[in-house]
Amino acid sequence: MRNLISLTDLNSAELEYLVARAVYIGRDGARAKSLADRAVGLYFSKSSTRTRTSFWAGAARLGAHTIAYGPDDLQLVTGETLQDTARVLSQYLDALVVRTNGPIGDMRSLSANASLSVVNALSECEHPTQAIADLATIAEEFGSLAGRHVLCVGEGNSSATALAYAAALTPGLRLTLLCPDGYGVPENVLETVERLGADCAQVAQYTDINRVRGTVDAIYTSRWQTMGVPKEDADWLRAFEGFRIDEEFVAKVASPHTVFLHDLPAVRGQEVSDDVLDGARSRAWRQARHKMTAAMSVLEWCITGTEHVH
Ligand code: CP
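Residues numbered from 1 in each chain as written. Predicted model: local features only at pLDDT ≥ 70, side-chain atom pairs only at ≥ 80, totals over all residues.

Focus: the pairing of strand β8 (residues 216-221)
For a regular strand, the rule is simple: side chains alternate between the two faces of the sheet. We count it as follows: Three exposure classes are used, all based on how many other C-beta atoms lie within 10 Å of a residue's own C-beta (placed from the backbone): buried at 20 or more, exposed at 12 or fewer, and partly exposed between those limits. Secondary structure counts use DSSP, requiring at least four H or I residues in a row for a helix and at least two E residues in a row for a strand, with both numbered from the N terminus. Two strands make a pair as long as DSSP finds a minimum of two bridges between them.
In terms of burial, β8 is a largely internal element, 6 of the 6 residues being buried. Bridging between strand β5 (residues 149-153) and β8 involves 4 bridges; their strand directions are parallel. Note on β8: the bridge partner recorded for L151 is I219. Inspection of the sheet shows β8 paired to strand β9 (residues 254-262) by 5 bridges, in the parallel sense. The residue bridging Y220 from the neighbouring strand is L261, located in β9.

A look at the packing of helix α5 (residues 128-142) against helix α6 (residues 158-168)
Each pair of packed helices gets described by two things: the angle between the helix axes and the distance between those axes. Here is the rule: The angle between two axes is taken between their N-to-C directions and runs from 0 to 180 degrees, where each axis is a line fitted to C-alpha atoms and a helix contributes only its stretch in contact. Here the word oblique covers every angle except those under 35 degrees (roughly parallel), over 145 (roughly antiparallel) and from 65 to 115 (roughly perpendicular). Each crossing is labelled by how the near helix is turned from the far one, with a counterclockwise turn of less than a right angle marking it left-handed and a clockwise turn marking it right-handed. Here the contact rule is simple: place C-beta atoms from the backbone, and any two residues whose C-beta atoms are within 7 Å are in contact. When residues are grouped by polarity, Ala, Val, Leu, Ile, Met, Phe, Trp, Tyr, Cys and Pro land in nonpolar, Asp, Glu, Lys and Arg in charged, and all others, Gly among them, in polar.
Where α5 meets α6, the closest approach of the two axes is 8 Å, and the angle between their N-to-C directions is 60°. With respect to their mutual orientation, α5 and α6 come out oblique. Seen from above, α5 lies across α6 with right-handed handedness. Contact residues: P128, Q130, A131, D134 and L135 in α5; S159, A162, L163, Y165 and A166 in α6. Of the residues in the contact of α5 with α6, the class split is 7 nonpolar, 2 polar and 1 charged.

Digging into the site of the ligand
Definition in use: The rule is simple: place the C-beta atom from the backbone, and if it lies within 6 Å of a molecule or strand, the residue is near it.
Taken together, the residues surrounding the ligand are S48, T49, R50, T51, L122, Q130, D263, L264 and P265. Tallied by class, residues from the shell around the ligand come to 3 nonpolar, 4 polar and 2 charged.

Some details on the sheet that holds strand β1 (residues 39-44)
Ordered in space as β2-β1-β3-β4, the 4 strands form an open sheet in which the pairing is parallel. This sheet does not close on itself; its edge strands, each paired only once, are β2 (65-69) and β4 (117-120). Between one strand axis and the next, the sheet turns by 20° as a mean value, whatever way the strands run.

Things to note about the environment of A218
Tracing the chain through its elements places A218 in strand β8. When the C-alpha atoms of A218 and V229 are compared, they prove to be 27 Å apart, with 11 residues separating the residues in sequence. If we ignore the near neighbours within four places in the chain, the residues touching A218 are I138, V150, T258, V259 and L261.

Some words on helix α7 (residues 187-196)
To be explicit about the condition: What the arc covers is the set of directions going from the helix axis to the C-beta atoms.
Considered for burial, the residues of α7 that qualify are V189, L190, T192, V193 and L196. Each buried residue of α7 lies within a common arc of 160° when the element is viewed along its axis, so the set occupies one face. Away from the buried face of α7 by more than 90 degrees, exposed residues E187, N188, E191 and R195 are located. Taken from the residues just after α7, A198 is the one with a positive phi, measuring 50°.

Observations regarding the UniProt feature "domain: Aspartate/ornithine carbamoyltransferase carbamoyl-P binding" (unreviewed entry) in the protein chain
The following threshold applies: UniProt positions are given in the numbering used here, feature names are shortened, and annotations may be inferred rather than shown by experiment.
The positions that UniProt labels "domain: Aspartate/ornithine carbamoyltransferase carbamoyl-P binding" (unreviewed entry) are, in the present scheme, residues 2-140. Taken end to end, residues 2-140 comprises 42% helix and 14% strand; its first and last C-alpha atoms sit 26 Å apart.

Observations regarding the sheet that holds β9
Within the open sheet, the 5 strands sit side by side as β7-β6-β5-β8-β9. Their pairing is parallel. For this open sheet the edge positions go to β7 (202-206) and β9, each flanked by a neighbour on one side alone. When strand polarity is set aside, the average angle formed by the axes of neighbouring strands in this sheet is 20°.

Looking at the confidence of the model for the protein chain
Atomic detail in the predicted coordinates should be set aside for any region of low pLDDT. Here is the rule we go by: Confidence of the predictor at the level of single residues is captured by pLDDT, which takes values from 0 to 100.
For the protein chain, per-residue confidence averages 95 on the pLDDT scale, and 99% of positions sit at 70 or higher. In the model output, the complex is listed with pTM 0.97 alongside ipTM 0.99.

What to know about the domain arrangement of the protein chain
Rule in force here: How far each domain reaches was decided by an automatic or database domain assignment.
One can read the domain layout of the protein chain as domain 1 (7-126 + 291-304) and domain 2 (129-288). Here the C-alpha centroids of domain 1 and domain 2 sit 25 Å apart. Taken together, the contact between domain 1 and domain 2 spans 25 residues of the former and 22 residues of the latter. Elements represented by at least two residues in the side of domain 1 that touches domain 2 include exactly α1 (12-28), α2 (50-61) and α10 (284-304).

Right, here's the structure in full:
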């Protein structure tokens, strides 16, 4: 039994396996019912279209039974402790997939008191399964991750943080974060990236597009108003001027093979123009598909411990 609470808990080989398995499932499907008769809980206290549905559908395709809990469904809302909840759910479930508003420590606390696998489906600061889907999309597109350069534009949110950790764990993958001043990934994340990458991590953060040299293989963006969390500065949108991914932006950094990624949901016309999101470079819809292959890869790995890509 394993958990996937933070990518910082993984080593490079483990992340490489999870990505490779997701790519394989995306190509060949998962024919074996590797999770037959297993039970997976989905506790989402925040809204979700992709993550919740892809874990449900992925678990079903692998033969597992699922139960979904919304924000008011567990006795947590009436005061039952996380610890007691974990001990009880461990009697029934093999894994609990969790999305909360809370810090990652809540998931660690849950896991410490549980004998089931805990999977982070988005916490306050990190979205690890999103990064696995992102890397699977890039690996599928280019055949490998080594030597690729990803430009992640916009807010340094939980998806950007997870991508930075994933890049640090992936030898040869270069990530440039391009964020408005004051909206980048926090300094402690960049310090963790350095530690994870054994000081060889190719992750840099800039506020000026002129610092980005040459072309990139993938341009990635996210909603600027992450999960509807209001920003302190009422005038925050001004800081994001120049960070919209439109054809003019793409022309500055793209080669003929450059692809566009978006973790979705998008605010069309804000962080990305319609013509880019719907255009020939866009892999955002394939990336959404890889949410499910990543979910399947993670559930198998956590519950059964398998490490066979094929
Ligand atoms: N990308 C993502 O996590 O989407 P949902 O919020 O719809 O799950």
